[in-house]
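The residues making up each chain are set out below.
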Amino acid sequence: MRLPPHILVVNGIKVRRPVFLLGAPHSGADLLARALKRSPGFHVTMGRASVAHVVYAFARKPSIGQTSGAVRVLRDALAESWQVLPRSCGQCAAACREAGGVMSLGPCVATSEVTRFGDGSPDLLYSAPVLLRAFPDARFVQLIRDGRDVVADMLDDPDCLAWFKPVMLSEETEFPNPFLGVNRDEHRDRWKGMPAAGKSALRWRSAVRLSATLRKELPPGQLLTLRYEDLVQRPAEPVAALTEFLETRVSKIGLYAPRVSEVGSWRTRLRPGDLTLVEKVTRQELTRLGYLKR
């Protein structure tokens, strides 16, 4: 006998069809979160500690996400993140407060206005299977971006570079490890000796492979794939697609962020040696996605 789906209630509001934004680092999930945060009825969080702790635990040790308690842990973390309290925004990352135009500690929304919840935390992609089990009616939006631009941004991001320390691959590390892009134990030493550009390329490659798997497994009504390049250069079309997909009006204002990385900036930002390595590691995926000619 199939059990009825769990109904999560936050601040007296039933969580129905929550929206989760997925993608490799610097692929535009934060940009899209800005747009949803400023859309009517949405309460979208980004990088709250309660969620980040769980997401990175699943990312670093994938077997945790397959345990019976994973769903409850992630659901509880999101429930805590979505609570609207007098000083809610004080617990949010600066990027989340800025995205919502918050000038104080919060809250950034009124419970009377909230009809839909979402989360655009970094690296949420690695928790996608658990999210689907936790919220069977969830909607997923995944962002794809040229891996060379992704690597250029990652190399300028101290938070991303912090994951590339050799200690990250300890003796307890599980393989394959999609988060770091390392498939086998015998690749451990090779990964430790790679420059940051190569490690960044492996993370992007692994992320787009996970995205491709999701696209095969989820029905069109539950997953929408958008390109970063379209969001920043031709926003009308992806916003229209997103509005139809989520069945709610999506604001374009949030897409005009103060710091939007230029499309194709890898041409001036990546050193020749780093570019050669990145294209070697990601050639198959860059070609398949149309970023690199055959």
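These figures come from a predicted structure and were not determined experimentally.

Caption draft 1: Spotlight on the environment of Ser206. Checked against the element boundaries, Ser206 lands in helix α9 (residues 196–217). Distance in space between the C-alpha atoms of Ser206 and Asn177 is 8.9 Å, their sequence separation being 29 residues. With residues near it in sequence (within four places) discarded, Ser206 still touches Pro178 and Gly181.

Caption draft 2: Region of the structure containing the packing of aromatic side chains. Taken as a whole and judged by the stated rule, the model has nine aromatic pairs. Ring centres of Tyr126 and Phe179 lie 5.3 Å apart, and the angle between their planes is 85°; this geometry places the pair in the edge-to-face category. Residue Tyr126 is located in the loop between β5 (116–119) and α5 (128–134), and its partner Phe179 is located in the loop between α7 (158–161) and α8 (188–193); the two are separated by 53 residues in the primary sequence. Residue Tyr126 is classed as buried on the basis of its relative accessible area of 12%. Exposure remark for Phe179: the relative accessible area of 0% places this residue in the buried category. Here the basic side chain of Arg145 rests over the ring of Tyr228, its NZ or CZ set 4.1 Å away from the ring centre. Above the face of the Trp191 ring, Lys199 is positioned so that its terminal group lies 4.1 Å from the ring centre.

Caption draft 3: Broad picture of unusual backbone geometry. The residue after Phe175, namely Pro176, is reached through a cis peptide bond having omega 0°. Positive phi, normally seen in glycine, also occurs at Arg17, with a value near 45°. Arg17 sits in the partly exposed class, given a relative accessible area of 26%. Within the chain, His26 stands out as a residue other than glycine whose phi angle is a positive 60°.

Rules and cut-offs
Residues numbered from 1 in each chain as written. Predicted model: local features only at pLDDT ≥ 70, side-chain atom pairs only at ≥ 80, totals over all residues. Heavy atoms only, no water. Helix = DSSP H or I, 4+ residues; strand = E, 2+ residues; numbered from the N terminus. Contact = heavy atoms within 4.5 Å. Phe/Tyr/Trp six-rings, centres within 6.5 Å; stacked < 30°, edge-to-face > 60°. Buried < 20%, exposed > 50% of the residue type's maximum accessible area, 1.4 Å probe, protein only. Lys NZ or Arg CZ within 6 Å of the ring centre and 35° of its normal.

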